[in-house]
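# Chain and residue survey
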Amino acid sequence: EAQVTQNPRYLITVTGKKLTVTCSQNMNHEYMSWYRQDPGLGLRQIYYSMNVEVTDKGDVPEGYKVSRKEKRNFPLILESPSPNQTSLYFCASSLFSGASAYEQYFGPGTRLTVT
Amino acid sequence: QQQVKQSPQSLIVQKGGISIINCAYENTAFDYFPWYQQFPGKGPALLIAIRPDVSEKKEGRFTISFNKSAKQFSLHIMDSQPGDSATYFCAASVRGAQKLVFGQGTRLTINP
């Protein structure tokens, strides 16, 4: 089954404790992206990757890191989480050619609470 | 800076009625306009999408209307059903960039 998986689905942590949210896709997609969803703000892009070892900042990258060492995985790292990073996080993937727009497939989400 | 503005934030429609959600954009370089549907506890999923070379696209009960000169597009759900209750996001992207800019979302409730 074609899918994007995220782990964990729910996470409660404390300020300053480093955490990683994993994302994996089995569709051989080049493009992967992280979004955060907040009420009234929609989905905002944090970071994206167009292929292995190619990553770039989205609209709200502060406080986050990513890496793309393998095509299927795109982990999101919070080195020192703060309460304003409490949010619902989604990983997404899609084909990428630079010539067209493709459907993005979203994972089930990770609800993060930072106290 | 919200490049895609979506309204209303919430909408309640009776079963069988027409649900209408509107979006407006600023960037004239946008050339792909998808709508995503999100059920509680799930990730968004592509519902329907349109490019600016057509003014309307219909898939079943779902229709996108696009007005390029006004820089507006809307989603119409005909014969709305309780199973359509979800949050809907409009989005836009520039050709080849793959980056989606999302609207704020509309929580749609269809009353039986």
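What comes next is a walk through the structure. Quantities reported herein were computed from a predicted structural model and do not represent experimental measurements. (Residues numbered from 1 in each chain as written. Chains lettered and ligands numbered in written order. Predicted model: local features only at pLDDT ≥ 70, side-chain atom pairs only at ≥ 80, totals over all residues. Heavy atoms only, no water.)

### Examining the nonpolar core
Residue and element names in this part refer to chain B. For clarity, the cut-off: The term nonpolar core refers to a set of buried residues drawn from Ala, Val, Leu, Ile, Met, Phe, Trp, Tyr and Cys, joined through side-chain atoms within 4.5 Å. Only protein chains enter the area calculation, which uses a 1.4 Å probe; residues under 20% of their type maximum are buried, those over 50% are exposed, and those in between are partly exposed. Under the DSSP-based scheme used, a helix requires at least four consecutive residues in state H or I and a strand at least two consecutive residues in state E, with every element numbered from the N terminus.
By size, the foremost hydrophobic cluster in this structure holds 25 residues, and its most contacted members are Val4, Phe33, Trp35, Phe73, Leu75 and Tyr88. Looking at this core, the elements with two or more residues in it are β2 (10-14), β3 (19-25), β4 (30-38), β5 (45-50), β7 (62-67), β8 (72-77), β9 (86-94) and β11 (106-111). Per-element tally for this core: the top contributor is β9, with four residues.

### Quick word on the state of the cysteines
Residues and elements named next belong to chain B. The cut-off we apply is this: For the purposes of this analysis, a disulfide is any pair of cysteine sulfur atoms at a distance within 2.5 Å.
The tally for this structure, following the rule as stated, stands at two disulfides over all chains. A sulfur-sulfur distance of 1.9 Å marks the disulfide that ties Cys23 to Cys90. Judged by the sign of its S-S torsion, about -95 degrees, the cystine formed by Cys23 and Cys90 is left-handed. Of the two residues, Cys23 sits in strand β3 while Cys90 sits in strand β9, which places them 67 residues apart along the sequence. Residue class for Cys23 comes out buried when judged on its relative accessible area of 3%.

### Comments concerning the interface of chain B and chain A
Our working rule: Note on contacts: a residue pair is in contact if any heavy atoms of the two residues lie within 4.5 Å. Buried area: the sum, over both parts, of the accessible surface (1.4 Å probe) that disappears when the two are put together. One speaks of a salt bridge when a side-chain nitrogen belonging to Lys or Arg is within 4 Å of a carboxyl oxygen belonging to Asp or Glu. As used in this structure description, the phrase polar contact means that two N or O atoms lie within 3.5 Å; if the pair is within protein, one of them must be able to donate a hydrogen and the other to accept it, and residues adjacent in sequence are counted only when both atoms belong to side chains. Classes in brief: Ala, Val, Leu, Ile, Met, Phe, Trp, Tyr, Cys and Pro nonpolar; Asp, Glu, Lys and Arg charged; the others, Gly included, polar.
Each partner contributes to the interface: chain B provides 22 residues, whereas chain A provides 24 residues. For the pair chain B and chain A, the summed buried area comes to about 1,800 Å², and 49% of that belongs to carbon and sulfur atoms. For chain B, the biggest contributors to the area lost against chain A are B:Gln98, B:Lys99 and B:Phe102; these three give 32% of the whole. Our count for the chain B to chain A interface comes out at one salt bridge. In this structure, B:Lys99 engages A:Asp59 in a salt bridge whose closest nitrogen and oxygen atoms are separated by 2.8 Å. At the junction of chain B with chain A, the criterion picks out nine residue pairs in polar contact (both at pLDDT 80 or more). Here the element with the most residues in the side of chain B that touches chain A is β4(B); it accounts for three residues. In terms of residue class, the side of chain B that touches chain A is built from eight nonpolar, ten polar and four charged.

These figures capture arrangement, not role.
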